[in-house]
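Each chain, letter by letter, is given below.
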Amino acid sequence: MASGSGSNFQAIIDATENGTLQIRIAALIASKTGIGAIERAEKHGISAKVISPKDFESEEAFGRKLLDELHLLQTDLIVLAGYLIKIPPVVIAAFPNRILNIHPSLLPDFGGKGYYGMKVHRAVIEAKKKISGCTVHLVNEEFDKGPILAQSIVSVEESDTPESLAEKVLKQEHLLLPKTIQLFLNDTEL
Ligand code: GRF
């Protein structure tokens, strides 16, 4: 599932195509139209569905639509690859310990509501942290609070800006996410 440029989604596609990730990508579910992730799906023959929360009068209705789609796709595992909408409880209940998210900080620091994109890296720099990184975790009903599966760290130099830090972290995300998905699947009976 994605809401943006989809470079993490691309990392999953690449790992699947080069055989290091043994999965079948059932589809991309996008939270809005006109995003890079959809173009990437189309370029790789992956079906893309847009399910936008603003088209539904309640979180429950949005959740039910998501759930219908996920069941139609016979989904085993959901991966949030830059997905900015809170996953409705009905979906979390239907996929216990089967939803992974990647976040661009070393959770539990710099996570939770409002911490996404550049805001994360700006906060890390302002806090004068010497390290940062990314986290893959299981999703529960609170933003960025589920059990942590894997982390990767990067150094934060004096000269770093939020943009340069974002670039360093994103490179690690692209390595960590496919690897963690594979290890997670090896460890479960999926
Ligand atoms: C990544 O930094 C990810 O950690 C966060 O949103 C960003 C998505 O980037 N959840 P992309 O759309 O995968 O390029």
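Predicted model, so just to flag it, every value in this text is computed and none were measured.

Thresholds applied
- Residues numbered from 1 in each chain as written.
- Predicted model: local features only at pLDDT ≥ 70, side-chain atom pairs only at ≥ 80, totals over all residues.
- Heavy atoms only, no water.
- Salt bridge = Lys/Arg side-chain N within 4 Å of Asp/Glu carboxyl O.
- Buried < 20%, exposed > 50% of the residue type's maximum accessible area, 1.4 Å probe, protein only.
- Axes fitted to C-alpha atoms, helices over the stretch in contact; angles between N-to-C directions.
- Helix = DSSP H or I, 4+ residues; strand = E, 2+ residues; numbered from the N terminus.
- Parallel < 35°, antiparallel > 145°, perpendicular 65-115°, else oblique.
- Left-handed = near helix turned anticlockwise from the far one by under 90°.
- Contact = heavy atoms within 4.5 Å.
- Nonpolar A, V, L, I, M, F, W, Y, C, P; charged D, E, K, R; others polar.

Participant: So what's going on with the pattern of salt bridges? Residues and values would help.
Facilitator: The final tally for this structure, using the stated rule, is three salt bridges. A salt bridge links Asp 160 to Lys 168, with the nearest nitrogen and oxygen atoms 2.6 Å apart. For Lys 168, a relative accessible area of 25% gives the class partly exposed. For Glu 167, the salt bridge is made with Lys 171, and the minimal N-O distance between the two is 4.0 Å.

Participant: Summarise the packing of helix α1 (residues 7–17) against helix α2 (residues 36–43); cite the residues concerned and give the values.
Facilitator: Helix packing for two helices is described by the angle between their axes and how far apart those axes are. Contact pair α1 / α2: the axes reach a minimum separation of 9 Å and the direction vectors enclose 20°. Taken together, α1 and α2 sit at an angle that is classed as roughly parallel. Note that α1 runs across α2; the crossing there is right-handed. Here Ser 7, Phe 9, Gln 10 and Ile 13 of α1 come into contact with α2, specifically with Ala 37, Arg 40 and Ala 41. Broken down by class, the residue content of the contact of α1 with α2 amounts to four nonpolar, two polar and one charged.

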